[in-house]
Structure formats: C-alpha cells, structure tokens
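Geometric and topological summary
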Amino acid sequence: VFKIEVLMNGRKHFVEKRYSEFHALHKKLKKFIRTPEIPSKHVRNWVPKVLEQRRQGLELYLQTVILENEELPKIFLDFLNVRHVPTLPKAESCGSFDETESEESSKLSHQPVLLFLRDPYVLPKAN
C-alpha cells in the first residue's frame, strides 16, 4: 500500500492505494491521454530498496501525468480523491507518498508528487 499526501491550497488529505489500483488507473488513462511507463507489475524481491524503487517510479508516473497534460481526466482526479479544486488561488503542491507497509518507509525521503498550475476542472476562456 502506498500513501499519497495531497496538499492543495493549504489543506491536505491522504489517499492509500495499492499497486493494482495504480495499474488499473494506468489502463483507464491510456484510453484518454498519452501515459508514461508505469513501474513493472511484478516485483520478486520485497526488500526495502526494491520497494523504494517502485515508490519512486509511481511518484514519477503521477508527476509526469500532471506535467504532460493540460487537462487532467476526471479519472485521475478521482484516483486522488480531488473533488473540487478552487479557482483562486490556483491549487498548489500536492504532497508526496511513501510505502506504508514497511518500517523503512518512515526513514525514506521523497519529493512532492503533484502540482496543479490551474484548476483542472475549468477550461480556459476562449478569446
């Protein structure tokens, strides 16, 4: 289980997702947007170093989806339990996540995962 910290406009919430949920999200997103590679479904070695590599890969996956897409699909926002994004001020950093099943996870450092530069539910005004 991976714990995702979502920080928006000074408020944060946590979402816990299993790898299978990331994989299901990936399959759905591929129908709507160009997606980055997702870390391998099969991990044979459950040592903290391998799990940390998977966590980093999933973190990069989420960041890439956000950075490479002008509009985020509702499926993606629902995955993060983002129901309403305020229009002013724009949503800011959306935290990071770490693997919660390992005692080692509390010792691992990580970078912010998500960044909304504008409200993903509001389309830009046509001139």
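These lines cover the structure that appears in this document, whether it is placed above or below. What you see is a predicted model, and the numbers here were worked out from it, not measured in a lab.

**Regarding a positive patch on the surface**
Together, Lys27, Lys28, Lys30, Lys31 and Lys41 give the surface a local cluster of positive charge. For Lys28, a relative accessible area of 45% corresponds to the partly exposed category.

**Brief notes about the packing of aromatic side chains**
By the definition in use, this model includes two aromatic pairs. Between Phe2 and Phe22 the ring centres are 6.2 Å apart and the planes differ by 90°, which places this aromatic pair in the edge-to-face class. Linking Phe2 in strand E1 (residues 2-8) with Phe22 in helix H1 (residues 19-29), this pair joins segments that are 20 residues apart in sequence. One exposure class covers both Phe2 and Phe22, and it is buried.

**What to know about the side chain of Asn69**
Along the chain, the position of Asn69 falls in the loop between helix H2 (48-67) and helix H3 (74-79). A relative accessible area of 15% places Asn69 in the buried class. Sequence-distant contacts of Asn69, defined by excluding residues within four places in its chain, comprise Ile33, Arg34 and Thr64.

**Section: the nonpolar core**
Counting 22 residues, the largest nonpolar core has Ile4, Phe22 and Phe76 as its most contacted members. Elements that contribute at least two residues to this core include exactly E1, H1, H2 and H3. The biggest single contributor to this core is H2, with five residues.

**Examining the packing of H1 against H2**
The contact between H1 and H2 brings their axes to 12 Å, and the two run at 30°. One element, H1, and the other, H2, form an angle in the roughly parallel class. Crossing handedness for the pair H1 and H2: left-handed. Judged by residue contacts, Tyr19, Phe22, His26 and Leu29 of H1 engage Arg54, Leu58, Tyr61, Leu62 and Val65 from H2. A breakdown of the residues in the contact of H1 with H2 according to their chemical character gives seven nonpolar, one polar and one charged.

**Quick notes on the pattern of salt bridges**
If you walk through the whole model with that rule in mind, you get five salt bridges. Its salt-bridge partner being Arg55, residue Glu52 comes within 2.8 Å of it at the nearest N-O pair. On the criterion of helical spacing, the pair formed by Glu52 and Arg55 is a turn pair, its members being three residues apart in helix H2. Both residues of the pair, Glu52 and Arg55, belong to the buried class. Beyond isolated ion pairs, a larger network of salt bridges with shared partners links Glu52, Arg55 and Glu59.

Rules of the game
Residues numbered from 1 in each chain as written. Predicted model: local features only at pLDDT ≥ 70, side-chain atom pairs only at ≥ 80, totals over all residues. Heavy atoms only, no water. Patch = residues over 30% accessible without salt bridge, like charges linked within 9 Å, V, L, I, M, F, W, Y side chains within 5 Å. Areas by Shrake-Rupley, 256 points an atom, 1.4 Å probe, with all protein chains shown as cover. Salt bridge = Lys/Arg side-chain N within 4 Å of Asp/Glu carboxyl O. Lys, Arg positive; Asp, Glu negative; His and termini not counted. Charge placed at Lys NZ, Arg CZ, Asp CG, Glu CD. Buried < 20%, exposed > 50% of the residue type's maximum accessible area, 1.4 Å probe, protein only. Phe/Tyr/Trp six-rings, centres within 6.5 Å; stacked < 30°, edge-to-face > 60°. Helix = DSSP H or I, 4+ residues; strand = E, 2+ residues; numbered from the N terminus. Contact = heavy atoms within 4.5 Å. Core = buried A, V, L, I, M, F, W, Y, C linked by side-chain atoms within 4.5 Å. Axes fitted to C-alpha atoms, helices over the stretch in contact; angles between N-to-C directions. Parallel < 35°, antiparallel > 145°, perpendicular 65-115°, else oblique. Left-handed = near helix turned anticlockwise from the far one by under 90°. Nonpolar A, V, L, I, M, F, W, Y, C, P; charged D, E, K, R; others polar.

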